[in-house]
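Inside the fold
The chain contents come next:
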Amino acid sequence: MKQSVKLIAGNWKMNGLGASLGEVETLCAALADDRPACRVALCPPATLIERMVRRAGQGVEIGGQDCRAETHGAFTGDISAQMLKDAGATLVILGHSERRQGYGETDGLVSAKAGAALAAGLAPIVCVGETLQQREAGRAVEVVRSQVMASLPLALAGRDFAVAYEPVWAIGTGLTPTLTQIEEVHRAVRAAMIERLGLGIAATPILYGGSVKPDNAAEILAVPEVGGALVGGASLKAGDFLGIIRGA
Ligand code: PEP
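Residues numbered from 1 in each chain as written. Predicted model: local features only at pLDDT ≥ 70, side-chain atom pairs only at ≥ 80, totals over all residues. Heavy atoms only, no water.

**Focus on the overall build of the protein chain**
Per the secondary structure count, the protein chain includes ten helices and eight strands. Over its C-alpha trace the protein chain gives a radius of gyration of 17 Å, about what one expects of a compact globule, namely 18 Å for 248 residues. Taken along the three principal axes of its C-alpha coordinates, the protein chain extends 45 × 45 × 35 Å. Counting every position in the protein chain, which comprises 248 residues, the buried fraction comes to 50%. Residue pairs in contact within the protein chain that sit at least 24 positions apart in sequence constitute 72% of those at least 6 positions apart. The distance from the centre of the 23 positive side-chain charges to the centre of the 25 negative ones in the protein chain is 4 Å. (Helix = DSSP H or I, 4+ residues; strand = E, 2+ residues; numbered from the N terminus. Rg over C-alpha atoms; globule rule 2.2 N^0.38 Å. Buried < 20%, exposed > 50% of the residue type's maximum accessible area, 1.4 Å probe, protein only. Contact = heavy atoms within 4.5 Å. Lys, Arg positive; Asp, Glu negative; His and termini not counted. Charge placed at Lys NZ, Arg CZ, Asp CG, Glu CD.)

The structure is reproduced here in structure tokens:
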């Protein structure tokens, strides 16, 4: 992932049925008419990956929202990185706060999953972010830095991946940090990434996520060190997602 080309990735979470694929067709038709200046990705539920890959064509990369660290075995209900790859995915979101909080995922587990994703040929998007309590206690930078250091396996050096800074309190709430706060944390994420993986990752994109909408996308994407966006709710409708893509 090159720093010069931003990545706008949509996270559909547990939303979307076959009928929703029309949104992807609308999106792809618009992008084919007017090619975007950025990379575009959509991460639907696993049930839609293969169908979405067939509809999306070249212009939109398709990813998973999580994977198991193991390659196979007796893990009912789980999905491996190889399975996502086999379905046509090229990337995978890992360590989203909804998984860290809802399923007790630790930095160590996220790191193991990122290693599994790399081994399967997927580009991980590793999520980090502080809670409101941590921000109010003045600990945002410290918390995020510690997550970066412990969630990124050394094997990521020189590989295709991204980090997404997603303040937990900004996800799905309509709240966003100030542009200054976003810049402060992104600079800290970059410093931690370099400390962990070396200068070679200076161009790896750091995405911002948390209530990105068409009307705030351009100003957020213009912040230094913001290399793209991870978008939840506003990625479900082609028109909204396009509005964000056009802001990149
Ligand atoms: C997300 O789920 O990663 C996210 C950023 O959600 P939203 O854009 O809806 O805040």
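**Description of the nonpolar core**
In terms of nonpolar packing, the biggest core is built from 64 residues, with Ile8, Leu27, Leu42, Val60, Leu152 and Met193 touching the most fellow members. Aside from chain neighbours lying at most four places away, what touches methionine 193 is Val148, Leu152, Phe161, Val163, Gly198, Ile201, Thr204 and Ile206. Counting 13 residues, the second-largest nonpolar core is a separate cluster that includes Leu7, Ile93, Ala123 and Leu207. (Core = buried A, V, L, I, M, F, W, Y, C linked by side-chain atoms within 4.5 Å.)

**Considerations on the site of the ligand**
Lys13, Glu166, Gly172, Ser211 and Gly232 are the nearest of the 14 residues found near the ligand. Relative to its free-state accessible area of 300 Å², the ligand is covered by the protein chains to the extent of 98%. Each residue belonging to the shell around the ligand can be placed in one class, and the counts come to four nonpolar, eight polar and two charged. (Near = heavy atom within 4 Å. Areas by Shrake-Rupley, 256 points an atom, 1.4 Å probe, with all protein chains shown as cover. Nonpolar A, V, L, I, M, F, W, Y, C, P; charged D, E, K, R; others polar.)

**Focus: the side chain of aspartate 107**
On the secondary structure map, aspartate 107 appears in helix 5 (residues 107-120). Not counting residues up to four positions away in its chain, the partners in contact with aspartate 107 are Arg100, Ser146, Gln147, Ala150 and Ser151.

**A short note on the side chain of serine 235**
Of note, serine 235 is situated in the loop between strand 8 (228-231) and helix 10 (238-245). A polar contact is formed between the side chain of serine 235 and the backbone oxygen of valine 231, at a distance of 3.2 Å. Setting aside anything within four residues of it in sequence, one finds serine 235 in contact with Gly10, Asn11, Trp12, Leu42 and Phe241. (Polar contact = N/O pair within 3.5 Å; in protein donor to acceptor, adjacent residues only side chain to side chain.)

**Thoughts on the pattern of salt bridges**
Here the idea is simple: oppositely charged side chains can pair when their charged atoms come close. Tallying each qualifying case throughout the model produces 17 salt bridges. Residue aspartate 66 pairs with arginine 99 through a salt bridge whose shortest N-O separation is 3.1 Å. With aspartate 66 in the loop between strand 3 (61-64) and helix 3 (81-87) and arginine 99 in helix 4 (residues 97-102), the pair connects residues that are 33 residues apart, well separated along the chain. Residue classification places arginine 99 among the partly exposed positions, given a relative accessible area of 23%. It is possible to trace a salt-bridge network through shared partners that takes in Asp66, Arg99, Glu105 and Lys113. (Salt bridge = Lys/Arg side-chain N within 4 Å of Asp/Glu carboxyl O.)

**Points about the sheet that holds strand 1 (residues 7-11)**
In spatial order, the strands read 1-2-3-4-5-6-7-8; together these eight strands close into a barrel with parallel pairing. With strand direction ignored, the average angle separating the axes of adjacent strands in the sheet is 25 degrees. Strands strand 2 (39-43) and strand 3 of the sheet are contacted by helix 2 (residues 46-56), whose axis makes an angle of about 170 degrees with strand 3. (Pairing = 2+ DSSP bridges. Axes fitted to C-alpha atoms, helices over the stretch in contact; angles between N-to-C directions.)

**Let's talk about helix 5**
An ideal rise of 1.5 Å per residue puts 20 Å on 14 residues; helix 5 measures up with 20 Å between its terminal C-alpha atoms. Buried residues of helix 5: Asp107, Val110, Ser111, Lys113, Ala114, Ala116, Ala117, Leu118 and Ala120, and no others. On its buried face, helix 5 sits against helix 3, strand 4 (91-94), helix 4, strand 5 (123-128) and helix 7 (140-151). Positive phi appears at glycine 121, one or two residues downstream of helix 5, with a value of about 90 degrees. (Expected span 1.5 Å × (residues − 1).)

**So, the environment of glycine 129**
Tracing the chain through its elements places glycine 129 in the loop between strand 5 and helix 6 (132-136). Each C-alpha atom, one on glycine 129 and one on arginine 145, is 9.2 Å from the other, the two residues being 16 residues apart in sequence.

**Details of unusual backbone geometry**
The residue serine 211 is not glycine, and still its phi comes out positive at about 60 degrees. On the secondary structure map, serine 211 appears in the loop between strand 7 (206-209) and helix 9 (214-221). One non-glycine residue, glutamate 225, adopts positive backbone phi at about 75 degrees. The residue glutamate 225 is located in the loop between helix 9 and strand 8 in this model.

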